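Residues per chain, in single letters:
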Amino acid sequence: MGNERTSTTGTTPVRRRDHALDFIKVVAILLIVFHHYQQDSGAYFDWGINFYHGNFYFGYVVELFFILSGMFMLPYIKRIGDGLTLKRFYLKRALRLLPLVAIAACAYEFMVLIYWHTFHERLFDKTFDLWGIVIDSLGVQDGWVFANPGVNNPTWYVSVLLLCYLVFYLTTALAHRLKVSPYYLYGAVVLWGIAINTYELDLPFMTYTSGRGYCAFFTGVLLAATFKARPNLPKPLVGICAFILVTFPALIHFHPDIENLRYLLVFIFYPSLIVIARVPQVNRLFEFKWIETLSKVSFDVYIWHVVCLQAVLYVTRLFSINPHFSSHLTLLAFAALTFAVGAVSFYRIEQPITKAIKTKTHLLD
């Protein structure tokens, strides 16, 4: 799940990192951390932005993650046509994502268990769920055929992302077999996702969360194809996108209950944000090593932030500490903690596991 794109100078491929997209990803992760912090701690801010039960539903930031993940799939259209197998394509992604998800799921349930044994109360109203650990570790907890058990709930994104990868491979392979452009099928999947949510379907592979994933992920694939076709963005398009970025927050502020807000984000606001981020002059503004580092550890932050909050709630109650959760300072301190834990996880858990899997299977090459 890198953040690089390839350009060509003469005959030599050049790898260019999208530093602005790194920054966007870091900010998006922070917003999700803030969102769940307020949701699970019950914090409420008397002034400023409330990231839960405020004017804007920050849970829709996950759609941005799906779009970015879909954009990185563009090179695989040709590779699948050239014979890349489903096993190699899917297992590569599953083996990158699921080991950390499995470890965090065990940690989450351990916190649920120890909280109950210590205080005889449920943490987040959860009971220990061994079956939940199993299906969460397999990446099928949500959007597939099982009901989401709520084990480390943010990992629903990983489950639906893996499902999107599977649908991407199958639609791409089908398009190559039928000798038609795969972009027609990707567009059909976007419409399928909209239909799933519009008609509130709740069937295997057709749930509210999978519909969200299909819609945003395949929009990302189509967006990347558009960038490939027009690498030099026309100035009028950049101007329109800049105008949308300026005016869209005001629209949300004055119309917090706007219908189908998620589709405005997926089809208008997030693509506009990405268009601006790809402008070379904007990208150069974010060429800092610390931004790149924070971006690298952002997935670990996402996986661990709810477990971190569990630990904070347990320790503060165990030692009768009464932190002021409805304080912006506490919010920022918690965010710093989650990024510290994410960094340790990335360098001491995720990277060693990835290296070991790569050495033994060669699937991550």
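Residue numbers restart at each chain and count upward from 1, following the sequence in its written direction. Only residues with pLDDT of 70 or above have their local features reported here, since the model is predicted, and side-chain atom pairs are shown and tallied only from 80 upward, although totals for entire chains, interfaces and linings are computed over all residues. Computation of side-chain values covers all heavy atoms of the structure but excludes hydrogens and water.

**What to know about the packing of helix H1 (residues 19-41) against helix H12 (residues 289-296)**
Describing two packed helices takes the angle between their axes plus the distance from one axis to the other. Interhelical geometry of H1 versus H12 gives an angle of 55° and a closest axis separation of 9 Å. On the basis of their axis angle, the class for H1 and H12 is oblique. Read as a crossing pair, H1 and H12 show a hand that is left-handed. Residues His 19, Asp 22, Phe 23, Lys 25 and Val 26 of H1 form the contact with H12, whose own contacting residues are Ile 291, Glu 292, Leu 294 and Ser 295. Lines fitted to the C-alpha atoms define the axes, with helices restricted to the stretch that makes contact. Angles between their N-to-C directions range from 0 to 180 degrees. The helix count covers DSSP runs of H or I at least four residues long, the strand count covers runs of E at least two residues long, and both are numbered beginning at the N terminus. Oblique is the label for any angle not under 35 degrees, not over 145, and not in the 65 to 115 range, which are roughly parallel, roughly antiparallel and roughly perpendicular in turn. Should the near helix be turned anticlockwise from the far one by less than a right angle, the crossing is left-handed, and should it be turned clockwise, the crossing is right-handed. Residue contacts are counted whenever heavy atoms from the two residues lie within 4.5 Å of one another.

**Side note on the nonpolar core**
Membership of the largest hydrophobic core comes to 113 residues, with the highest contact counts inside it found for Phe 168 and Phe 217. A per-element tally of this core places helix H4 (residues 86-119) first, with 14 residues. Apart from the residues lying within four places of it in its own chain, the contact partners of Phe 217 are Phe 66, Ser 69, Gly 70, Met 73, Leu 161, Cys 164, Tyr 165 and Phe 168. To qualify as a nonpolar core, a set must consist of buried Ala, Val, Leu, Ile, Met, Phe, Trp, Tyr and Cys residues joined through side-chain atoms within 4.5 Å. Partly exposed residues are those whose accessible area sits between 20% and 50% of the maximum for their type, while under 20% is buried and over 50% is exposed, using a 1.4 Å probe and protein chains only.

**Section: helix H6 (residues 156-178)**
Expected helix span is computed as 1.5 Å times (number of residues minus one). A rise of 1.5 Å per residue sets the reference length of H6, with its 23 residues, at 33 Å; its end C-alpha atoms lie 33 Å apart and thus fit the reference within 8%. Burial of H6 is extensive: 17 of the 23 residues sit out of reach of the surface. With its phi angle positive at about 60°, Lys 179 sits one or two positions after the end of H6.

**Concerning the state of the cysteines**
Only a pair of cysteine sulfur atoms within 2.5 Å qualifies as a disulfide here. For the coordinates displayed, the defined rule picks out zero disulfides. Unpaired in terms of disulfides, Cys 164 finds its nearest cysteine sulfur in Cys 215, a separation of 10 Å. Left without a disulfide partner, Cys 241 is nearest to the cysteine sulfur of Cys 215, which lies 18 Å away.

**Regarding the environment of Leu 97**
Structurally, Leu 97 can be placed in helix H4. On the accessibility criterion, Leu 97 (4% relative accessible area) is buried.

**Re the packing of aromatic side chains**
Working definition: rings of Phe, Tyr and Trp (its six-membered ring) pair if their centres are within 6.5 Å, and the pair is stacked with planes under 30 degrees apart, edge-to-face with planes over 60 apart, and tilted otherwise. Taken as a whole and assessed by the stated rule, the structure comprises 34 aromatic pairs. A centroid spacing of 6.2 Å and a plane angle of 55° characterise the contact between Tyr 37 and Phe 325, whose relative ring orientation is tilted. Remark: Phe 325 occurs in the loop between helix H13 (298-318) and helix H14 (328-361) and Tyr 37 occurs in helix H1; sequence separation between them is 288 residues. The same class applies to Tyr 37 as to Phe 325, namely buried. On the numbers, 6.0 Å between centres and 85° between planes, the contact of Phe 65 with Tyr 302 is edge-to-face. With Phe 65 in helix H2 (residues 62-71) and Tyr 302 in helix H13, the pair connects residues that are 237 residues apart, well separated along the chain. Linked through ring pairs, Tyr 76, Phe 89, Tyr 165, Phe 168, Tyr 169, Tyr 183, Tyr 186, Phe 217 and Phe 218 together constitute an aromatic cluster. Comment: the charge-over-ring label is applied if NZ (Lys) or CZ (Arg) is within 6 Å of the ring centre and within 35 degrees of the ring normal. The residue whose ring lies beneath Arg 93 is Tyr 76, and the NZ or CZ to ring-centre distance is 4.3 Å. Sitting over the face of the ring of Phe 89, Arg 93 holds its NZ or CZ atom 4.3 Å from the ring centroid.

**Points about the side chain of Ser 210**
Within the secondary structure, Ser 210 is located in helix H8 (residues 208-229). Among the polar contacts made by the side chain of Ser 210, one reaches the main-chain carbonyl oxygen of Phe 205 at a distance of 3.4 Å. Residues within four places of Ser 210 in sequence aside, it is in contact with Gly 143, Val 160, Leu 163 and Phe 205. Polar contact criterion, stated in full: a pair of N or O atoms within 3.5 Å, where within protein one must be able to donate a hydrogen and the other to accept it, and residues adjacent in sequence count only if both atoms are side-chain atoms.

**Focus: a nonpolar patch on the surface**
Like-charged residues within 9 Å of one another, or nonpolar side chains (Val, Leu, Ile, Met, Phe, Trp, Tyr) within 5 Å, are grouped into patches, provided each residue has over 30% relative accessible area and no salt bridge. Per-residue and other accessible areas follow the Shrake-Rupley method at a 1.4 Å probe size, with only the shown protein chains counted as cover for residues. A pair is scored as a salt bridge if a Lys or Arg side-chain nitrogen falls within 4 Å of a carboxyl oxygen belonging to Asp or Glu. Residues Leu 113, Phe 128, Leu 130, Trp 131, Val 134, Leu 138, Val 145, Phe 146 and Phe 205 make up a contiguous nonpolar surface patch of roughly 840 Å² in combined accessible area. Among the secondary structure elements, Phe 205 is positioned in the loop between helix H7 (182-198) and H8.

**Points about unusual backbone geometry**
Of note in the backbone geometry, Phe 124 takes a positive phi value of approximately 60° without being a glycine. Mapped onto the elements of the fold, Phe 124 is located in the loop between H4 and helix H5 (130-137). In this model, Ser 320 sits at a positive phi of 55°, which is unusual for a non-glycine residue. Positionally, Ser 320 belongs in the loop between H13 and H14.

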